[in-house]
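So the chains spell out like this:
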Amino acid sequence: MSGAMIDDGARAVNDMRQMTALGRRIEDKSFAIIDEEAGAHGFPEAEWQVVRRVIHATADFEFSSLMRLHPEAIARGIAALRSGAPVLVDVKMIGVGLNEQRLASYGCAIHCFISDDDVIQAASAAGSTRAIESMRKAHRLGLLDGAIVAIGNAPTALLEVVRLAREEGARPALVIGVPVGFVSAAESKEALLESGIPSIVARGRKGGSPIAVAIVHALLLLSADSAGPAGSTASAGSAGPAEPAKVAR
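Residues numbered from 1 in each chain as written. Predicted model: local features only at pLDDT ≥ 70, side-chain atom pairs only at ≥ 80, totals over all residues. Heavy atoms only, no water.

A separate point is the pairing of strand E5 (residues 174-177). Residues of E5 alternate between two faces, with Leu174 and Ile176 on one and Val175 and Gly177 on the opposite face, all of them buried. By the bridge criterion, 4 bridges tie strand E4 (residues 148-151) to E5 in an arrangement that is parallel. Within the sheet, the bridge partner assigned to Val149 lies in E5 and is Val175. Following the backbone out of E5, through helix H11 (residues 185-195) and into the adjacent parallel strand E6 (residues 199-202), one traces a crossover that is right-handed. (Buried < 20%, exposed > 50% of the residue type's maximum accessible area, 1.4 Å probe, protein only. Helix = DSSP H or I, 4+ residues; strand = E, 2+ residues; numbered from the N terminus. Pairing = 2+ DSSP bridges. Right-handed = clockwise from strand over helix to strand, strands pointing away.)

With that settled, the discussion passes to the sheet that holds strand E3 (residues 110-111). Taken in spatial order, the 6 strands line up as E1-E6-E5-E4-E2-E3 in an open sheet, and their pairing is mixed. At either margin of the open sheet sits one strand with a lone partner, and together these are strand E1 (67-69) and E3. Pairing geometry for E5 and E6, over 3 bridges, is parallel. Each residue of the ladder has a partner; that of Val175, found in E6, is Ser199. Contacting E1 and E6, helix H3 (residues 45-58) runs over the sheet at an angle of about 150° to E1. Where helix H10 (residues 155-168) meets the sheet, its contacts fall on E4 and E5, and the angle it forms with E4 comes to roughly 150°. (Contact = heavy atoms within 4.5 Å. Axes fitted to C-alpha atoms, helices over the stretch in contact; angles between N-to-C directions.)

Let's shift gears to the packing of helix H5 (residues 73-82) against helix H12 (residues 209-223). Look at H5 against H12: their axes get within 9 Å of each other, and the N-to-C directions meet at 75°. Here H5 lies roughly perpendicular to H12, going by the angle between them. Together, Ile74, Gly77, Ile78, Leu81 and Arg82 of H5 and Leu219, Leu220, Leu222 and Ser223 of H12 make up the contact between the two elements. (Parallel < 35°, antiparallel > 145°, perpendicular 65-115°, else oblique.)

Inspection of every chain in the model, using the stated rule, returns 13 salt bridges. Salt-bridge contacts for Asp35 lead to Arg52; the nearest nitrogen and oxygen are separated by 2.8 Å. Residue Asp35 is found in helix H2 (residues 21-38), and its partner Arg52 is found in helix H3; the two are separated by 17 residues along the sequence. Close ionic contact of Glu133 with Arg136 constitutes a salt bridge, the shortest N to O distance being 2.9 Å. Pair noted here: Glu133 and Arg136 are both in helix H9 (residues 130-140), with a separation of 3 residues, about one helical turn. Each of the salt bridges in this network shares a partner with another, and the network as a whole consists of Glu133, Arg136, Glu160, Arg163, Arg166, Glu167 and Glu168. (Salt bridge = Lys/Arg side-chain N within 4 Å of Asp/Glu carboxyl O.)

In structure tokens, the structure reads:
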């Protein structure tokens, strides 16, 4: 990617911080309250920026104990954004919450196939789910490799991404696995953690579209930091699509 596009992306992402003085004070006060009430947490600074934004989006401090970030998650997410990677989402609600213009400033496009006619037909014929078939379609189109995948609603989509990585060689740059629900939600997240795919996960039943959106926005803000992510174990510039590999936890 050209330096000009990176500069444009940084300026566009910095627009996320452009608000009225009152709005800025309210946001700053909110984050100060979170920092005070959360207390000691053990997250490196860049990871805390992600976790804190999740707490800000939910007003739920339990996420400080539920969030799990792969050691390369921040670096790979930033690198994917800066390289104009696809952003694949399981439901349109996530896409609506993301700012397409800011993502487009990096060359990133949002993709959601869950309502496509061919996906619906394939799910009906196979007795699967639209979420599963939407991930299969993304893989057929070559959109999974190097992508940021944000799943906030459909555990079956997350399980399919893990299967595609394990059995068919899909190599997403980062998987944000935060589906909410009671059936397979917690299990799908554990499968993702065990896969070794660079990931950001909210363990257990809690999750949802607002959390997926908050995580992507946190990565956008971190990507605008020219110093790179603090606390990550890989440089953002060197991170590419990950080989799924078992990671001890």
